[in-house]
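Topology and contacts: notes
Letter by letter, the chains look like this.
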Amino acid sequence: MHDKKADWIWGVPGELGKAGLVTLAGKGYQGSTWAKIPYRGKNKPEPQKEANRAHAKLRAPGERANAQLKAWRILRKLRCCPWRAGKLATAIHVLQLREA
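Residues numbered from 1 in each chain as written. Predicted model: local features only at pLDDT ≥ 70, side-chain atom pairs only at ≥ 80, totals over all residues. Heavy atoms only, no water.

1. A word on the overall build of the protein chain
- Within the protein chain, the secondary structure is distributed over four helices and zero strands.
- Counting from the amino terminus, helix and strand elements in the protein chain follow one another as α-α-α-α.
- Relative to a compact globule of 100 residues, whose C-alpha radius of gyration would be 13 Å, the protein chain shows 16 Å and is clearly more extended.
- In terms of overall dimensions, the protein chain has a C-alpha envelope of 45 × 35 × 25 Å along the principal axes.
- Burial status across the protein chain gives 16% buried among its 100 residues.
- Here the contacts in the protein chain between residues at least 6 apart in sequence split such that 21% fall between residues at least 24 apart.
- Of the roughly 8,400 Å² that the protein chain leaves accessible, carbon and sulfur atoms contribute 58%.
- Treating the 21 positive side-chain charges of the protein chain as one cloud and the 7 negative ones as another, the clouds have centres 6 Å apart. (Helix = DSSP H or I, 4+ residues; strand = E, 2+ residues; numbered from the N terminus. Rg over C-alpha atoms; globule rule 2.2 N^0.38 Å. Buried < 20%, exposed > 50% of the residue type's maximum accessible area, 1.4 Å probe, protein only. Contact = heavy atoms within 4.5 Å. Areas by Shrake-Rupley, 256 points an atom, 1.4 Å probe, with all protein chains shown as cover. Lys, Arg positive; Asp, Glu negative; His and termini not counted. Charge placed at Lys NZ, Arg CZ, Asp CG, Glu CD.)

2. Description of the environment of Ala-67
- Assignment of secondary structure puts Ala-67 in helix 3 (residues 46–72).
- Each C-alpha atom, one on Ala-67 and one on Arg-79, is 21 Å from the other, the two residues being twelve residues apart in sequence.

3. Focus: the pattern of salt bridges
- All chains considered together, the criterion is met by three salt bridges.
- Put simply, Arg-59 and Glu-63 hold a salt bridge, and the shortest N to O gap is 2.4 Å. Of this pair, Arg-59 and Glu-63 both sit in helix 3, four residues apart, which is roughly one turn of that helix.
- A relative accessible area of 24% places Arg-59 in the partly exposed class.
- In this structure Glu-63 comes out as partly exposed when scored by relative accessible area, which is 40%. (Salt bridge = Lys/Arg side-chain N within 4 Å of Asp/Glu carboxyl O.)

Functional significance is not addressed by these values, which are geometric in nature.
Have a look at this one:
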């Protein structure tokens, strides 16, 4: 399921807002009111370029974690209760740290 559809179904952005968490999103979420997105376009002024670099640095660990989870492929056809997915993701993370 695409993440935008999942957001719409389960109200993830609203829950993140209630928890007081800041949500960082990619340029594809242009126009969203619930996420901080980088500036778009060419020939941006230097302050916007700096803001985009800071945004990318903050998003990088999450992007890396998602890439690692996809590489393991264990969550693609999850047959257990979805609430257990967090425990599986934690276990995968521990294994990744041991492997490095």
